[in-house]
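# Residue-level structural notes
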Amino acid sequence: MQVILCDSAEHVGKRAADIVEDYVRAGSAVLGLATGGSPSSTYRELIRRHREESLGFSDVRAFTLDEYAGLAPDHEQSYHTTIRREFVDHVDLPLENLMTPQGDVSDLAAEAERYDAAIGAAGGVDVQILGIGANGHIGFNEPTSSLSSRTRVKTLAGTTRRDNARFFSDGEVPRLCLTQGLGTIREARTALLVAMGANKAEAVRAMVEGPVSAHCPASVLQLHRRAVVILDPDAASLLSLADYYREAQEMNDELGLSARSGGFD
Ligand code: PGA
């Protein structure tokens, strides 16, 4: 796991965008997109680079991590609509290249299986952008999720529903979702997790410095060959090896190592 300590949310966005850009400029990238507040500064920076530095997404394909069950893709709070509003509609990524699990189907289990297979058929995800929940979830893989799980139907934890209620005008967050599994996420060539804010500090500590455990699903990234964790000072505040991460990062920067070219696993 490579831990990058940043000064601010904007700095987190720039470091994360550097890694995504590296894959996009290499051509025909498959991106894994996360919704939520954490990747906002990353998407803002990618949009800026699209507008000002001709970073093109026309041959990029993208898969989102998860979707609420029961919401049609065009529902205002669906993750399909959210990722369009936050990122996809602001760059030249063709809409037909954006894949999201469909939440309003009658057979959710079959949809989950289809989605997992579609990721494989696309050759897998090159770089998977991730946030982390205060309870350590990634995607909607709540505590006790199997570390080998595939895309499937999940019940949302009460804490997650309360965290997300602010986005729903009636406060009624769906109870079920479709989410890529931890086993699916682990297959992405690079896992890129961004976290900001003191409410993530304990989950970040458990993910980076705790044991690999379904109690903190994000800790599965310790088993990933190329996991990069980019943090603001508040999210990093409970880490005990901060000096070591800083030193390792300086060395990586000096040697010009990138997530795509390797050096971290
Ligand atoms: P957030 O959520 O980015 O909105 O904080 C992250 C998550 O719950 O996975």
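Residues numbered from 1 in each chain as written. Predicted model: local features only at pLDDT ≥ 70, side-chain atom pairs only at ≥ 80, totals over all residues. Heavy atoms only, no water.

The subject of this paragraph is the side chain of T179. Mapped onto the elements of the fold, T179 is located in strand β8 (residues 176-179). The exposure class of T179 is buried, given its relative accessible area of 0%. Reaching out from T179, the side chain makes a polar contact with the backbone nitrogen of F140 at a distance of 3.0 Å. Beyond its immediate chain neighbours, meaning those up to four positions away, T179 contacts L65, D66, G139, F140, N141, R150, T151, R152 and K154. (Helix = DSSP H or I, 4+ residues; strand = E, 2+ residues; numbered from the N terminus. Buried < 20%, exposed > 50% of the residue type's maximum accessible area, 1.4 Å probe, protein only. Polar contact = N/O pair within 3.5 Å; in protein donor to acceptor, adjacent residues only side chain to side chain. Contact = heavy atoms within 4.5 Å.)

The two faces of the sheet receive side chains in turn, since in a regular strand these alternate between them. Strand β10 (residues 227-231) sits mainly inside the fold: 5 of its 5 residues count as buried. Side chains of β10 alternate between two faces, with A227, V229 and L231 and V228 and I230 buried alike. Across 4 bridges, the pairing between strand β1 (residues 2-5) and β10 is parallel. Looking at the pairing, Q2 lines up with V228 of β10. Viewed along the sheet, the connection from strand β9 (residues 190-195) through helix α7 (residues 201-209) into β10 turns out right-handed. (Pairing = 2+ DSSP bridges. Right-handed = clockwise from strand over helix to strand, strands pointing away.)

Here strand β2 (residues 30-33) shows no split at all, with V30 and G32 on one side and L31 and L33 on the other all buried. Relative to strand β3 (residues 61-64), β2 is paired through 4 bridges, and the arrangement is parallel. Counterpart to L31 in the pairing with β3 is A62. Crossover handedness for the path β2 to helix α2 (residues 40-53) to β3: right-handed. With 2 bridges connecting them, β2 and strand β6 (residues 127-130) associate as parallel partners. Across the sheet, residue G32 finds its bridge partner in β6, namely Q128.

Before going further, it helps to examine the UniProt feature "domain: Glucosamine/galactosamine-6-phosphate isomerase" (unreviewed entry) in the protein chain. Following the UniProt record, one finds the feature "domain: Glucosamine/galactosamine-6-phosphate isomerase" (unreviewed entry) at residues 9-226. Structurally, residues 9-226 comprises 34% helix and 14% strand, and the distance from its first C-alpha atom to its last is 22 Å. (UniProt positions renumbered as here; feature names shortened; annotations may be inferred.)

Turning our eyes to something else, we now look at the pattern of salt bridges. Applying the stated criterion across every chain, the model contains 16 salt bridges. For the salt bridge of E45 with R49, the shortest nitrogen-to-oxygen distance reads 2.8 Å. Taken together, the residues E45 and R49, both in helix α2 and 4 residues apart, mark about one turn of the helix. We classify E45 as buried; its relative accessible area is 7%. Classification of R49 by relative accessible area gives buried; the value is 6%. (Salt bridge = Lys/Arg side-chain N within 4 Å of Asp/Glu carboxyl O.)

In the vicinity of the ligand, the residues found are G36, G37, S38, I132, G133, H137, R166 and K200. G37 has a polar backbone atom sitting 2.8 Å from an oxygen atom of the ligand. Here H137 contributes a side-chain N or O atom positioned 2.7 Å from an oxygen atom of the ligand. When isolated, the ligand has an accessible area of 280 Å², and the protein chains bury 78% of it. Class assignment of the residues belonging to the shell around the ligand gives a composition of 1 nonpolar, 5 polar and 2 charged. (Near = heavy atom within 4 Å. Areas by Shrake-Rupley, 256 points an atom, 1.4 Å probe, with all protein chains shown as cover. Nonpolar A, V, L, I, M, F, W, Y, C, P; charged D, E, K, R; others polar.)

To continue, consider helix α4 (residues 108-121). Over its 14 residues, α4 runs 20 Å from end to end, which matches the ideal 20 Å to within 8%, given 1.5 Å per residue. Of all the positions in α4, only L108, E111, A112, Y115, D116 and I119 are classed as buried. Buried residues of α4, seen end-on, are gathered within an arc of 135° and therefore sit on one face of the element. Exposed and facing more than 90 degrees away from the buried side of α4 are E113, G120 and A121. Against the buried residues of α4 lie β3, β5 (98-99), β7 (152-155), β8 and α6 (182-186). One or two residues past the end of α4 sits G123, with phi positive at roughly 95°. (Expected span 1.5 Å × (residues − 1). Arc of directions from axis to C-beta.)

In spatial order, the strands read β1-β10-β9-β6-β2-β3-β5; together these 7 strands make up an open sheet with parallel pairing. The open sheet has two free edges, formed respectively by β1 and β5, since each of these has just one partner strand. Bridge count between β9 and β10: 5 bridges; the pairing is parallel. Bridging from a neighbouring strand, L193 pairs with V229 of β10.

With that out of the way, let us pick up the packing of aromatic side chains. All chains considered together, the criterion is met by 8 aromatic pairs. Centre to centre, the rings of Y68 and Y79 are 4.8 Å apart; their planes meet at 50°, and the pair counts as tilted. Here the residue Y68 occupies a position in strand β4 (residues 66-68), and Y79 occupies one in helix α3 (residues 79-86), the gap between them amounting to 11 residues. Given a relative accessible area of 1%, Y68 falls into the buried group. Look at Y79 and you get buried, because its relative accessible area is 11%. By the ring-pair criterion, three or more aromatic residues cluster together here, those being Y68, Y79, F140 and F168. (Phe/Tyr/Trp six-rings, centres within 6.5 Å; stacked < 30°, edge-to-face > 60°.)

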